[in-house]
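These are the residues of each chain, in order.
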Amino acid sequence: MTDSILTLTLGVVVSHVTSWPCNVAVGEGRGLLAQRYGRYVAGSAGHRDRTPPDLAATLVDRYSRPGDLVADPFVGTATMLVEAVHAGRDGLGLDIEPGWVSLARTNLALAARQGATGRARVIHADATRLPTRVPTALRGTVDLVLTTAPTGTTMPATRRGRHYTGGLRISRITAGAGLGRVLAGCATLLRPGGLAAGALRREPTHRWTLTREPVYVVPAGLRAGLKVVDYLFANERGQLLTRYPGDQLTVAPRAITGAVLMLPGVAAHDVVVFGKPDRTVGLS
Ligand SMILES: C[S@@+](CC[C@H](N)C(=O)[O-])C[C@H]1O[C@@H](n2cnc3c(N)ncnc32)[C@H](O)[C@@H]1O
């Protein structure tokens, strides 16, 4: 965690905006191709909703320490975990699609060959059923959940029983219900005092308002007993945006009322960060 980034990014917010002059990215930023080149296998490009690796790396750096365990319940191509293992964290990933599980493992094997010191495992599982399929020894030990939720108003989830091929039987549930279950499951994985950061990609046509995922995610996190500890924005390249000093956008209810507007076309990602209260602190 670096204080310099913290200071820079906590400095700024855009609020009640009609026109706001200072909504700028922190740092210069690299193109998405440059961020992935040589670090991810070619098949990764087939995943439509990949997270910018520089955003993943920034969040790993900001919210965890070397040696920590980082979990991603929606692992996809494993962007979060690849950046985590390169930064010396260990990883645990889940995905409901066997194809992405296999690709995630391939990307993590590449990271290991390139000298990443962290270790990661990826499980084929439904995150709405967490902590099912996560080894008991790991429950309550995760330092940081770092993830990108699927976009859309519904998401895949398993039905009871197995498919006749032996695989999972998959249907769809509303995003609100699904993300609620996933966050409740993540809360059981986190250690007391652990953090859960969700980078939520905005639909390009809805960039100027807070819609969809943030609206589901914040109340679901609060219901799971988590507290909002930070709320950030990033651009298309995954660079965090500076914020206007004095605004209270880290106060979640205000952020989700829709009263807070970003300049059109600027914010591509919302980042909601929850903390799991540490009830042991202060007890003797
Ligand atoms: C937004 S993508 C994650 C992208 C990832 N951060 C990356 O950079 O590749 C969401 C992923 O969640 C997976 N997913 C959707 N529903 C799921 C569920 N119920 N359980 C586990 N994984 C799920 C999808 O298969 C998809 O790979």
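The rules we used
Residues numbered from 1 in each chain as written. Predicted model: local features only at pLDDT ≥ 70, side-chain atom pairs only at ≥ 80, totals over all residues. Heavy atoms only, no water. Near = heavy atom within 4 Å. Polar contact = N/O pair within 3.5 Å; in protein donor to acceptor, adjacent residues only side chain to side chain. Areas by Shrake-Rupley, 256 points an atom, 1.4 Å probe, with all protein chains shown as cover. Nonpolar A, V, L, I, M, F, W, Y, C, P; charged D, E, K, R; others polar. Phe/Tyr/Trp six-rings, centres within 6.5 Å; stacked < 30°, edge-to-face > 60°. Lys NZ or Arg CZ within 6 Å of the ring centre and 35° of its normal. Helix = DSSP H or I, 4+ residues; strand = E, 2+ residues; numbered from the N terminus. Core = buried A, V, L, I, M, F, W, Y, C linked by side-chain atoms within 4.5 Å. Buried < 20%, exposed > 50% of the residue type's maximum accessible area, 1.4 Å probe, protein only. Contact = heavy atoms within 4.5 Å. Salt bridge = Lys/Arg side-chain N within 4 Å of Asp/Glu carboxyl O.

Close to the ligand lie 23 residues, the nearest being Thr51, Thr77, Thr79, Asp95 and Ala127. Here Thr77 contributes a side-chain N or O atom positioned 2.6 Å from an oxygen atom of the ligand. Measuring from an oxygen atom of the ligand, one finds a side-chain N or O atom of Asp95 at 2.7 Å. Notes on the ligand: free accessible area 600 Å², of which the protein chains cover 97%. Its residues placed into classes, the shell around the ligand shows eleven nonpolar, seven polar and five charged.

Within the structure shown, the criterion is met by one aromatic pair. Arg36 extends its terminal NZ or CZ atom over the ring of Tyr40, reaching a point 4.4 Å from the ring centre.

Cis geometry is found at the peptide bond from Leu130 to Pro131, where omega equals 5 degrees. Relative to the helices and strands, Pro131 is located in the loop between strand E3 (120-124) and strand E4 (142-147). A positive phi angle, near 75 degrees, is found at Ala78, a position not held by glycine. Residue Arg133 is not a glycine yet carries a positive backbone phi of 80 degrees.

The next point concerns the nonpolar core. By size, the foremost hydrophobic cluster in this structure holds 36 residues, and its most contacted members are Phe74, Leu130, Val142 and Phe274. A per-element tally of this core places helix H6 (residues 175-189) first, with six residues. When residues no more than four places from it in sequence are discounted, the contact partners of Phe274 are Leu183, Gly194, Leu195, Ala196, Val217, Val218, Gly221, Leu222, Leu226, Lys227, Val228 and Val229. With 30 residues, the next largest nonpolar core counts Leu59, Tyr63, Val101 and Val271 among its residues.

Looking at the secondary structure, you find Leu69 in strand E1 (residues 69-72). It is 8.8 Å that separates the C-alpha atoms of Leu69 and Ala84, two residues lying 15 residues apart in sequence. With near-sequence residues (within four places) excluded, Leu69 lies in contact with Asp90, Gly91, Leu92, Leu138, Thr141, Val142, Asp143 and Leu144.

A separate point is the side chain of Thr77. If you trace the backbone, Thr77 turns up in the loop between E1 and helix H4 (79-86). Assessed through its relative accessible area of 2%, Thr77 is described here as buried. The contact partners of Thr77, leaving out residues within four places of it in the chain, are Arg36, Tyr40, Ser44, His47, Arg50, Leu103, Ala104 and Asn107.

Right, let's get into the pattern of salt bridges. Pairing is possible between side chains that carry opposite charge, provided their charged atoms lie close to one another. With the rule as written, the count across this model stands at six salt bridges. We note a salt bridge from Asp54 to Arg30, for which the minimum N-O separation is 2.7 Å. Taken together, the residues span a long stretch of sequence, with Asp54 in helix H3 (residues 53-63) and Arg30 in the loop between helix H1 (3-10) and helix H2 (32-36) at a distance of 24 residues. As a salt-bridge pair, Arg39 and Glu83 come within 2.8 Å of each other at their nearest N and O atoms.

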